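One-letter residues, chain by chain:
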Amino acid sequence: MPVNGQSHIRIARPSRDLAAAERFWVTGLGLDVVWRSQGGAAPGEHDLLMAGWPDASWHLELVHEANGAEEADEPVEPRPTEEDLLVIYLDEPVPDELVTRLEAHGGTRVQSPNPYWNEWGVTVEDPDGYRLVLCTRAWSNS
């Protein structure tokens with residue numbers, strides 16, 4: 001199958017704490033756990049959490065080096081910038097209760113350096129410092 005608009009997308013990121021990431025993305029935002037595995041002690045193995053919506057054509061892959069693995073001595077640290085954004089277009093006002101739930105589950109509401117996102121949405125950092133923008137606008141590639 002060629003790469004096209006129907007190809008599924010995986011956004012992979014390291015995480016310091018998968019339990020904290022799960023609280024934010026699953027309990028806070030409402031994604032489902034679509035896969036989970038626990039790594040072993042062999043090089044290259046890691047704990048894994050995949051979160052997404054069953055009907056979406058994308059999901060997040062969050063990884064953390066497994067306890068006991070050689071790499072765990074120097075785990076890959078998340079290195080997000082202010083412009084590493086996952087934007088979800090709501091096509092409606094951002095529900096206050098959703099922002100409150102994200103904050104209660106480890107998120108921090110922040111101002112964006114880009115005034116566009118401050119005008120058209122709400123930006124919340126996850127426990128690893130990656131930014132989620134809940135945008136009031138709609139979007140379509142077509």
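If you check an unreviewed UniProt entry, the protein chain appears there as VOC family protein from Streptomyces rectiviolaceus.

Our next topic: the sheet that holds strand β8 (residues 131–135). One open sheet accounts for 4 strands, arranged β5-β8-β7-β6; its pairing is mixed. Both edges of this open sheet fall to β5 (85–89) and β6 (108–110), since each of them pairs with a single strand only. Here the average twist between neighbouring strands, direction ignored, is 30°. When strand β7 (residues 121–125) meets β8, the two strands line up antiparallel, connected through 5 bridges. Each bridged residue has a counterpart across the sheet, and for E125 the counterpart in β8 is R131. Across the sheet, helix α1 (residues 18–29) lies against β5, β7 and β8, angled at about 20° from β8, the strand it touches most. Each of β6, β7 and β8 is contacted by helix α2 (residues 96–104), which is oriented at about 170° to β8, the strand it contacts most.

In this section: the sheet that holds strand β4 (residues 58–65). Taking strand neighbours across the sheet as the criterion, the 4 strands line up as β1-β4-β3-β2 in an open arrangement whose pairing is mixed. Looking at which strands have only one partner, the edges of the open sheet turn out to be β1 (9–14) and β2 (32–37). For this sheet, the mean inter-axis angle between neighbouring strands, taken without regard to orientation, is 20°. The pairing of β1 with β4 spans 6 bridges and is classified as parallel. Bridging from a neighbouring strand, I11 pairs with L60 of β4.

Grouped together as the largest cluster of nonpolar side chains are 22 residues, with contacts concentrated most on W25, L29, L31, L102, L132 and L134. Counting only elements with at least two residues in this core, the list comes to α1, β3 (46–52), β4, β5, α2, β7 and β8. Counting residues per element, this core draws most heavily on α1, which supplies 6 residues. Apart from the residues lying within four places of it in its own chain, the contact partners of L102 are F24, G28, L29, G107, V124, L132 and L134.

Along the polypeptide, R13 turns up in strand β1. An unpaired buried charge is present at R13: no salt bridge exists, and D126, the closest side chain of opposite charge, is 4.3 Å distant. With sequence-adjacent residues up to four places away left out, R13 is seen in contact with W25, E61, L62, V63, L86, D126 and Y130.

A separate point is the side chain of D47. Relative to the assigned elements, D47 resides in strand β3. In terms of polar contacts, D47 uses its side chain to reach the backbone amide nitrogen of G39, at 2.8 Å.

Before going further, it helps to examine α2. Within α2, burial applies to L98, V99 and L102. Along the axis of α2, the buried residues cluster in a sector spanning 100°; they form a single face. For α2, the exposed residues lying more than 90 degrees away from the buried face are D96, E97 and A104. Among the residues trailing α2, G106 stands out with phi positive, at a value near 105°.

Basis of the calculations
- Along each chain, residue indices are assigned from 1 in the same order as the chain's sequence is written.
- Where totals are concerned, whole chains, interfaces and linings use all residues; where local detail is concerned, this predicted model gives features only for residues with pLDDT of at least 70, and gives and counts side-chain atom pairs only at 80 or more.
- Heavy atoms throughout the structure, all of them, feed into the side-chain values; hydrogens and water do not.
- We treat two strands as partners when DSSP finds at least two bridges between them.
- Strands here are runs of E lasting at least two residues and helices are runs of H or I lasting at least four, both read from the DSSP assignment and numbered beginning at the N terminus.
- Angles here are taken between N-to-C directions and fall from 0 to 180 degrees, while the axes themselves are lines fitted to C-alpha atoms, restricted in helices to the stretch in contact.
- In what follows, a contact means two residues having at least one pair of non-hydrogen atoms within 4.5 Å.
- Here, the term nonpolar core denotes a set of buried Ala, Val, Leu, Ile, Met, Phe, Trp, Tyr and Cys residues that are joined through side-chain atoms within 4.5 Å.
- Remark: exposure states derive from per-residue accessible area (1.4 Å probe, protein chains only) relative to the maximum for the residue type, with buried under 20%, exposed over 50%, and partly exposed in between.
- Only four residue types enter the charge count: Lys and Arg as positive, Asp and Glu as negative, with His and the chain ends excluded.
- Only one rule defines a salt bridge in this text: a Lys or Arg side-chain nitrogen within 4 Å of an Asp or Glu carboxyl oxygen.
- Polar contacts here mean pairs of N or O atoms no more than 3.5 Å apart (in protein, one a potential hydrogen donor and the other a potential acceptor; neighbouring residues in sequence count only if both atoms are side-chain atoms).
- Throughout, the arc means the angular range of directions from the helix axis out to the C-beta atoms.

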